[in-house]
Amino acid sequence: MEKVSPRTPFQKLLDEKIYIMNNEPLQIKKRGEDGNKVITVRIREDTLEKLDKIAAESNYSRNELINLILSHGVKNIIIEEDQ
């Protein structure tokens, strides 16, 4: 007969969480349906270093910081006409 190790409190808690999850439907949204779009952007290394420094100092993620800056920029940009 195979010897079975006793379940740890963590394993028991995990079993309970899985049981709860199995009895309730898990509702998720498909990726991309949250109003965000994943894109690829090339950025200068010196700019990225500055962004990372600001992100560390402000406790924002790089992604959050880039979104804040872009949002501000598109709302406040002025396009000058050629003279």
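What comes next concerns the included structure. Fair warning: this is a prediction, and the values are worked out from it, not measured in the lab.

### Description of the pattern of salt bridges
- Taken as a whole and judged by the stated rule, the model has two salt bridges.
- Residues Asp46 and Arg44 are paired through a salt bridge, measuring 3.2 Å at the closest nitrogen-oxygen approach.
- On the accessibility criterion, Asp46 (32% relative accessible area) is partly exposed.
- In this structure, Arg62 and Asp52 form a salt bridge, with 2.8 Å as the shortest nitrogen-oxygen distance. Of this pair, Arg62 sits in helix H3 (residues 62-76) while Asp52 is found in helix H2 (residues 45-58), placing the two residues 10 residues apart along the sequence.
- A residue is classified by how much of its surface remains accessible, and Arg62, at 40% relative accessible area, is partly exposed.

### Let's talk about unusual backbone geometry
- The backbone of Asn59 shows a phi angle near 65°, a positive value even though the residue is not glycine.
- Counting through the fold element by element, Asn59 comes out in the loop between H2 and H3.

### Things to note about H2
- Taking 1.5 Å as the rise per residue, H2 with 14 residues should run 20 Å; its terminal C-alpha atoms sit 20 Å apart, in good agreement.
- Taken from the residues just after H2, Asn59 is the one with a positive phi, measuring 65°.

### Remarks on the packing of H2 against H3
- Relative to each other, H2 and H3 sit at 105°, their axes nearing to 9 Å. Judged by the inter-axis angle, H2 sits roughly perpendicular to H3. Contacts between H2 and H3 pair Leu48, Leu51, Asp52, Ile54 and Ala55 from the former with Arg62, Leu65, Ile66 and Ile69 from the latter.
- The class makeup of the residues in the contact of H2 with H3 is seven nonpolar, no polar and two charged.

Cut-offs and rules
Residues numbered from 1 in each chain as written. Predicted model: local features only at pLDDT ≥ 70, side-chain atom pairs only at ≥ 80, totals over all residues. Heavy atoms only, no water. Salt bridge = Lys/Arg side-chain N within 4 Å of Asp/Glu carboxyl O. Buried < 20%, exposed > 50% of the residue type's maximum accessible area, 1.4 Å probe, protein only. Helix = DSSP H or I, 4+ residues; strand = E, 2+ residues; numbered from the N terminus. Expected span 1.5 Å × (residues − 1). Axes fitted to C-alpha atoms, helices over the stretch in contact; angles between N-to-C directions. Parallel < 35°, antiparallel > 145°, perpendicular 65-115°, else oblique. Contact = heavy atoms within 4.5 Å. Nonpolar A, V, L, I, M, F, W, Y, C, P; charged D, E, K, R; others polar.

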